[in-house]
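Summary of structural features
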Amino acid sequence: MPMPLFRCFIRGDNFPGKLIGRKQPAGFYTTRFVDAASAEEAEMLVVELLRNDPDLDVAPKHRTQDAKVYFESIDEVPADTERKPNKGFTFFLMGT
């Protein structure tokens, strides 16, 4: 039996503005799809995907200690749901 498919809508807060060429901290929204046995497993898998995403990689000197991700929703969706693009971010400046 195939694993359930989960759509995770994520908000990131207080990431280095360097990601978008700014000094001010940045936030983002993104959606990721993962196959997982449960919503809890989907959350863990997506956190690992984000940790390894080159679009969020900055030099250690630019990293912030208060960067956090929040799962706005984790929904099981039909297995035939289109998973595109399953990458990318919509960035915004914090405090705006």
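See the structure above.
If you're wondering where the values come from, they're calculated on a predicted model, not measured in any experiment. Once a new chain begins, its residue numbering starts again from 1 and follows that chain's sequence as written. Where local features are concerned, this predicted model is filtered to residues with pLDDT of at least 70; where side-chain atom pairs are given and counted, the filter is 80 or more; whole-chain, interface and lining totals use all residues. Think of the side-chain values as coming from all heavy atoms in the structure, minus any hydrogens and water.

Considering the pattern of salt bridges
Keep this limit in mind: Salt bridges are counted wherever a side-chain nitrogen of Lys or Arg sits within 4 Å of a carboxyl oxygen of Asp or Glu. Here a helix means four or more residues in a row that DSSP labels H or I, a strand means two or more in a row labelled E, and each is numbered from the N terminus. Throughout, exposure labels follow a simple rule: accessible area from a 1.4 Å probe, protein chains only, divided by the maximum for the residue type, with under 20% read as buried, over 50% as exposed, and the rest as partly exposed.
Inspection of the entire model under this criterion finds 7 salt bridges. In this structure, the salt-bridge partner of glutamate 72 is arginine 11, at a minimum N-O distance of 2.6 Å. Highlighted residues: glutamate 72 in strand β3 (residues 68-77) and arginine 11 in strand β1 (residues 5-15), separated in sequence by 61 residues. A relative accessible area of 40% means that glutamate 72 is categorised as partly exposed. The salt bridge partner of aspartate 35 is arginine 83, with a shortest N-O separation of 2.9 Å. Pair noted here: aspartate 35 is in strand β2 (residues 26-35) and arginine 83 is in the loop between β3 and β4 (90-93), with a separation of 48 residues, a long-range link.

Comments concerning helix α1 (residues 39-51)
What counts, and what does not: By this rule, a helix spans an expected 1.5 Å times one less than how many residues it contains. By definition, the arc is the one covered by directions from the helix axis to the C-beta atoms.
Helix length check: α1 (13 residues) gives 18 Å between terminal C-alpha atoms against 18 Å at 1.5 Å per residue, within 8%. For α1, the full list of buried residues reads Ala42, Val46, Val47 and Leu50. The buried residues of α1 occupy one face: seen down the axis, they fall within an arc of 135 degrees. Set apart from the buried face of α1 by more than 90 degrees, the exposed residues are Glu40, Met44 and Arg51.

Details of the side chain of aspartate 13
Our working rule: The contact definition used throughout considers only heavy atoms, calling two residues in contact when any of these lie within 4.5 Å.
Here aspartate 13 shows up in strand β1. A relative accessible area of 12% places aspartate 13 in the buried class. Excluding residues that lie within four positions of it along the chain, aspartate 13 makes contacts with Ala26, Gly27, Asp66, Ala67, Lys68, Tyr70, Phe92 and Met94.

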